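Here's the letter readout for the chains.
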Amino acid sequence: MKFVYYAMFYISNYLCIPYRATLLDRIYRRMREEITRKIFAFVGNDVVIRPKLKISYLNKVSIGSRSSIGDRSMIVASGGLLIGDDVMMGPEVMIFTQNHEIPPLGKKIIDGEIVTKKVVIEDDVWIGARVIILPGAVIGKGTVIAAGTVVPGKVYPDNVVLGGNPAKIIKYRNSLNN
């Protein structure tokens, strides 16, 4: 039966409903949410998964309530992916939970092992367009990641603005009057 849900997910993945078609968009979103509940590890309420998402290891993805994944994003979740509540992702975000090790000299690079590390995106995070998140990254609550940022596999504190390649803390979100 899961095969049917996978097929429905991938078929619906190519439907692009304009935001202005409010009723149709609402129906489309609810349908996608119900399908993902059957094939993701966990799906909260009011989740939005925009079209043309490339994703693997769906059963290792958890996504919290009121979170969204932008158009044309790419997720490789072999190491596990936890997306908290109220997470906004722009288009073309890439999230990787696996990488190749760099073997020592004398061993061919292609013969290196594959290493998986879970990615955690905590609650209330805004991820800009074309951000790349690498294996092992833990993004703290209330974080904003600027468009085009490359986020290495490190632990980042809560309430910061990250930007650059590699990601650096640009500022702290201490108050409304920064």
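Because the structure is a prediction, the values reported are computed rather than measured.

**Describing the overall build of the chain**
Right, so step 1: On a plain count of helices and strands, the chain comes out with 2 helices and 20 strands.
Right, so step 2: Taken over the C-alpha trace, the chain has a radius of gyration of 17 Å; the compact-globule value for 178 residues is 16 Å, and the two agree within 12%.
Right, so step 3: By principal-axis analysis of the C-alpha atoms, the chain measures approximately 55 × 50 × 25 Å.
Right, so step 4: Residues classed as buried in the chain amount to 43% of the 178 residues present.
Right, so step 5: Taken as a whole, the chain presents about 10000 Å² of accessible surface, with 60% of it coming from carbon and sulfur.

**Quick notes on the packing of aromatic side chains**
Right, so step 1: Tallied over the full model, the rule gives 2 aromatic pairs.
Right, so step 2: Each ring, one from F9 and one from Y10, has its centre 5.3 Å from the other, and the planes form 85 degrees; the classification is edge-to-face.
Right, so step 3: Taken together, F9, Y10 and F40 form an aromatic cluster joined through their ring pairs.

**Overview of the nonpolar core**
Right, so step 1: In this structure, F40, I121, I127 and I133 are the most contacted members of the largest nonpolar core, which totals 36 residues.
Right, so step 2: For this core, the secondary-structure elements that each account for two or more residues are helix 1 (2–12), helix 2 (22–39), strand 4 (61–63), strand 7 (81–83), strand 12 (119–121) and strand 19 (160–163).

**A word on the pairing of strand 19**
Successive side chains on a regular strand alternate, one facing one side of the sheet and the next facing the other.
Right, so step 1: Neither face of strand 19 is open: one carries V160 and L162, the other V161 and G163, and all of them are buried.
Right, so step 2: As paired elements, strand 16 (residues 144–145) and strand 19 share 2 bridges and run parallel to each other. Bridged to I145 within strand 19 is L162.
Right, so step 3: Pairing of strand 19 with strand 20 (residues 168–172) involves 4 bridges; the strand directions are antiparallel. If you follow G163 over to strand 20, its bridge partner there is K168.
Right, so step 4: Taking the residues between adjacent antiparallel strands as the criterion, strand 19 and strand 20 are bridged by 4 residues, where G164 takes a positive phi near 100 degrees.

**Remarks on a nonpolar patch on the surface**
Right, so step 1: Judged by side-chain polarity, M1, F3, V4 and M8 come together as a nonpolar surface patch covering roughly 460 Å² of accessible area.
Right, so step 2: With respect to the helices and strands, the residue V4 is situated in helix 1.
Right, so step 3: The exposure class assigned to V4 is partly exposed, which follows from its relative accessible area of 37%.

**A look at the packing of helix 1 against helix 2**
Right, so step 1: Direction vectors running N to C along helix 1 and helix 2 enclose 145 degrees, while the axes themselves pass 9 Å from each other. Crossing handedness for the pair helix 1 and helix 2: left-handed. Within the contact between the two elements, helix 1 uses K2, Y5, Y6, M8, F9 and S12 and helix 2 uses Y28, M31, R32, I35, T36, K38 and I39.
Right, so step 2: Considered class by class, the residues forming the contact of helix 1 with helix 2 number 8 nonpolar, 2 polar and 3 charged.

**Side note on the pattern of salt bridges**
Right, so step 1: In this structure the tally under the stated criterion is 8 salt bridges.
Right, so step 2: Between R72 and E92 there is a salt bridge whose closest N-O contact spans 3.0 Å. Within this pair, whereas R72 is found in the loop between strand 5 (68–69) and strand 6 (74–76), its partner E92 is found in the loop between strand 8 (88–89) and strand 9 (94–96), the two being separated by 20 residues in sequence.
Right, so step 3: The class of R72 is partly exposed, set by a relative accessible area of 44%.

**Looking at helix 2**
Right, so step 1: Here helix 2 contains 18 residues, and its C-alpha end-to-end distance of 26 Å stays within 8% of the 26 Å for a straight helix at 1.5 Å per residue.
Right, so step 2: The complete set of buried residues in helix 2 reads D25, Y28, R32, E33, I35, T36 and I39.
Right, so step 3: Among the structural elements, helix 1, strand 1 (42–43) and strand 2 (48–49) are those in contact with the buried residues of helix 2.

What counts as what
- Residues numbered from 1 in each chain as written.
- Predicted model: local features only at pLDDT ≥ 70, side-chain atom pairs only at ≥ 80, totals over all residues.
- Heavy atoms only, no water.
- Helix = DSSP H or I, 4+ residues; strand = E, 2+ residues; numbered from the N terminus.
- Rg over C-alpha atoms; globule rule 2.2 N^0.38 Å.
- Buried < 20%, exposed > 50% of the residue type's maximum accessible area, 1.4 Å probe, protein only.
- Areas by Shrake-Rupley, 256 points an atom, 1.4 Å probe, with all protein chains shown as cover.
- Phe/Tyr/Trp six-rings, centres within 6.5 Å; stacked < 30°, edge-to-face > 60°.
- Core = buried A, V, L, I, M, F, W, Y, C linked by side-chain atoms within 4.5 Å.
- Pairing = 2+ DSSP bridges.
- Patch = residues over 30% accessible without salt bridge, like charges linked within 9 Å, V, L, I, M, F, W, Y side chains within 5 Å.
- Salt bridge = Lys/Arg side-chain N within 4 Å of Asp/Glu carboxyl O.
- Axes fitted to C-alpha atoms, helices over the stretch in contact; angles between N-to-C directions.
- Left-handed = near helix turned anticlockwise from the far one by under 90°.
- Contact = heavy atoms within 4.5 Å.
- Nonpolar A, V, L, I, M, F, W, Y, C, P; charged D, E, K, R; others polar.
- Expected span 1.5 Å × (residues − 1).

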